[in-house]
Amino acid sequence: MPHPPFSPEQARAARLRIGLTPEQVAAAMAQLGLHRTPTAVLSWEQGALAPSETELFALADALWCPVPELMALRPRSLREHRLARRFTADRLAERIGMDAPTYARAEQDHHWTGGNRQTLLLAEALGLEPDRLLRVIRRAGDLDALLRQAVEGRWKPHAARLARLVDAPERPVARALRTLHQEHGRFNEAYMGHVVARSDDTRLREIATERAAWLHDLTRRFLALVGHDDGAGR
């Protein structure tokens, strides 16, 4: 499970707002049953480490703030809506009567296969109307698919549609796509360079793994570049 979206700056601001030291935050988390050191709290605030989902929930409780504030975004994807409502994937799957692997695939693939009752229970758990829930899932899938097409091919034809999809001006969207297209190109150049040089398979697998991780994070990175990681209070 990848780490959830997290803003070190928002975490530090929330702690300072209520006047707690890292030691006091760690103590508050311990009272909630999650024992972490003050060093871990500082590492999150400095961006050296990212909290897990469970740590994110406990940190939000310790700082008396909503989870989306620490995520520094307005929930868009199914996973982000789940995190905002403080569910682990396993707990939410159990609540709606779905096996955990099937639910995990729905989040990863942005494709919902649940029946009517599961859809109603999921919408209720996330505080969304069923039609709104399905739009959230479909929209996230559209965004992910379009971004992959843009970075793997010609990005310019996709700029206008992506701008409409995320409700952002076309100029920053175009800048973000150009940057991502260049980053993707560097992966391909590195891979082909090692193929031509007949590097050992280990390095080729490393590059392929790095590219897969980059693609997995593509939507979040795109929204950050666009400047569209909305604050929770907006």
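A quick note: this is a predicted structure, and the numbers were derived from the prediction, not measured.

Thoughts on the overall build of the protein chain
- Assigned secondary structure in the protein chain consists of 14 helices and zero strands.
- For the protein chain, the succession of helices and strands along the chain, N to C, is α-α-α-α-α-α-α-α-α-α-α-α-α-α.
- If you line up the protein chain on its principal axes, its C-alpha atoms span 55 × 45 × 35 Å.
- Per-residue burial for the protein chain yields a buried fraction of 44% across its 234 residues.

Here we look at the environment of Leu133
- Following the sequence through the fold, Leu133 ends up in helix α10 (residues 130-152).
- Its relative accessible area of 0% is what places Leu133 among the buried residues.
- The spatial distance from the C-alpha of Leu133 to the C-alpha of Leu122 is 8.3 Å, given a sequence separation of 11 residues.
- Once residues within four sequence positions are removed from consideration, Leu133 is found in contact with Leu78, Thr119, Leu122, Ala123, Leu126 and Leu128.

Let's talk about a positive patch on the surface
- The grouping of Arg154, Lys156, Arg171, Arg175 and Arg178 at the surface amounts to a positive patch.
- By the element assignment, Arg154 lies in the loop between α10 and α11 (159-166).
- Take Arg154: its relative accessible area is 65%, and that puts it in the exposed class.

Some details on the pattern of salt bridges
- Following the criterion strictly, the structure yields 10 salt bridges and no others.
- Note that Arg36 and Glu55 form a salt bridge whose closest N and O atoms lie 2.6 Å from each other. One end of the pair, Arg36, is in the loop between α2 (22-31) and α3 (38-46); the other, Glu55, is in helix α4 (residues 53-62), and 19 residues separate them in sequence.
- Since its relative accessible area comes to 12%, Glu55 is described here as buried.

Some remarks on the nonpolar core
- Among the nonpolar cores identified, the biggest contains 24 residues, and Phe6, Val25, Met29, Trp44, Leu59, Leu63 and Leu70 are the most heavily contacted of them.
- For this core, the element with the highest residue contribution is α4, accounting for six residues.
- If near-sequence neighbours (up to four positions away) are discounted, Leu63 is found in contact with Ala11, Ala14, Arg15, Ile18, Val25 and Leu70.
- Membership of the second largest hydrophobic core comes to 23 residues, among which are Leu147, Ala150, Ala163 and Leu218.

Focus: unusual backbone geometry
- Within the chain, Trp64 stands out as a residue other than glycine whose phi angle is a positive 55 degrees.
- Residue placement: Trp64 occurs in the loop between α4 and α5 (67-71).
- For Trp64, a relative accessible area of 75% translates into the label exposed.
- At Arg86, a residue that is not glycine, the phi angle is positive and equals roughly 70 degrees.
- Here Arg86 is to be found in the loop between α6 (78-84) and α7 (89-96).

Re the confidence of the model for the protein chain
- Taken over all residues, the pLDDT of the protein chain has a mean of 86, while the share at 70 or more is 91%.
- Counted against residues more than four places away or in other chains, residues 229-234, with its pLDDT under 50, gives 12 contacts.

Cut-off values and rules
Residues numbered from 1 in each chain as written. Predicted model: local features only at pLDDT ≥ 70, side-chain atom pairs only at ≥ 80, totals over all residues. Heavy atoms only, no water. Helix = DSSP H or I, 4+ residues; strand = E, 2+ residues; numbered from the N terminus. Buried < 20%, exposed > 50% of the residue type's maximum accessible area, 1.4 Å probe, protein only. Contact = heavy atoms within 4.5 Å. Patch = residues over 30% accessible without salt bridge, like charges linked within 9 Å, V, L, I, M, F, W, Y side chains within 5 Å. Areas by Shrake-Rupley, 256 points an atom, 1.4 Å probe, with all protein chains shown as cover. Salt bridge = Lys/Arg side-chain N within 4 Å of Asp/Glu carboxyl O. Lys, Arg positive; Asp, Glu negative; His and termini not counted. Charge placed at Lys NZ, Arg CZ, Asp CG, Glu CD. Core = buried A, V, L, I, M, F, W, Y, C linked by side-chain atoms within 4.5 Å. pLDDT = per-residue confidence, 0-100.

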